[in-house]
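# Working through the structure, step by step
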Amino acid sequence: MTATAAAQATVEIIPLNNRSSEQVIPVIQPLLGRDSSVSGFQNQLVIRATPAEMAEIRRVLASIDKAPRRLLITVRQDAELDRQRREAEISGSIGNDNARVIIPGSGSRGGGNVVLREGDDRLRARIIDSRQVSSDSSTQTLQVLEGSSAFIRVGESRPVPSRQVVRTVINGQIVDRVVEGTEYRDAATGFSVRPRLQGDIVTLDISPQRDSFDDRRRGAVNVQQVTTTVSGRVGEWIDLGGMGDARSDERSALLGRSSGRVEDRRGVQVRVEVLP
């Protein structure tokens, strides 16, 4: 700012009708020159600026200092588990009175079987080809005023047996004592969010969470959580992130082979709608 412009700078106090100074100041600051300033005091702006800057500030305030709009936030969290298993095996016995080869099987009765037999020779071919796909989707909605923060969470707690070794000193000797009890593990689904609107573009500070109990491991909880800031258009689904995990194993035995593959795919999306 030149000396002439600095001399023209004035200080004004502008009251805010619907927004707080904390919400407005980040929008006003980029409009000010190096020697200008803005601060907040009891829902008022204290501004030192040139007449040109002050005119621009008033124009911007007229568009943003309005009653906050009601927004409907929808978060969708999807999970899909795909398990595949393939197994082939030959078992039985073949030979004569002088020599006979016996090929033991795995003992499994699953899958399809083909039996070939001639006299005392017998061969069994077992084939398994299975696939199991399971999917789960969770959708939650929450109303919030633009610029405000909101939080929603639902879930359950399960008791889990606990065991702790307590060491004490009795008559100069160290004694270990096992104490058994019960503790509770939580598994919750929800999200926290703070939306900001500019035209039809919404910016979200959002942290969705989705936990689930693992029934195959007692007391274990599968955790899924994302913390991010994203922008997108009102009314459209916005991808927050996704995860894909694939695990495979392969085993070979005498005249037999088995393989398996597990794919775990997860995704999180959010949509913001303006309510009337």
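See above for the structure.
Anyway, here's the lowdown on the structure attached to this text. Everything numeric in this text was worked out from a predicted model, so none of it was measured. (Residues numbered from 1 in each chain as written. Predicted model: local features only at pLDDT ≥ 70, side-chain atom pairs only at ≥ 80, totals over all residues. Heavy atoms only, no water.)

Looking at chain direction, strand β8 (residues 150–170) and strand β9 (residues 173–198) are connected through 21 bridges and run antiparallel. For Q164, the partnering residue across the bridge sits in β9 and is V179. Hairpin connection of β8 to β9: 2 residues between the antiparallel strands, including N171 at a positive phi of 50°. (Pairing = 2+ DSSP bridges. Helix = DSSP H or I, 4+ residues; strand = E, 2+ residues; numbered from the N terminus.)

Even without being glycine, Q42 reaches a positive phi, approximately 50°. By secondary structure assignment, the location of Q42 is in the loop between β2 (37–40) and β3 (44–49). Here Q42 falls in the exposed class, since its relative accessible area comes to 65%. Although it is not a glycine, N43 adopts a positive phi angle of roughly 55°. Relative to the assigned elements, N43 resides in the loop between β2 and β3. (Buried < 20%, exposed > 50% of the residue type's maximum accessible area, 1.4 Å probe, protein only.)

Another aspect to go through is helix α3 (residues 51–64). With 14 residues, α3 should cover 20 Å at 1.5 Å per step; its first-to-last C-alpha distance of 20 Å lies within 8% of that length. Looking at the packing, one finds that the buried side of α3 touches β1 (10–15), α2 (21–28) and β3. (Expected span 1.5 Å × (residues − 1). Contact = heavy atoms within 4.5 Å.)

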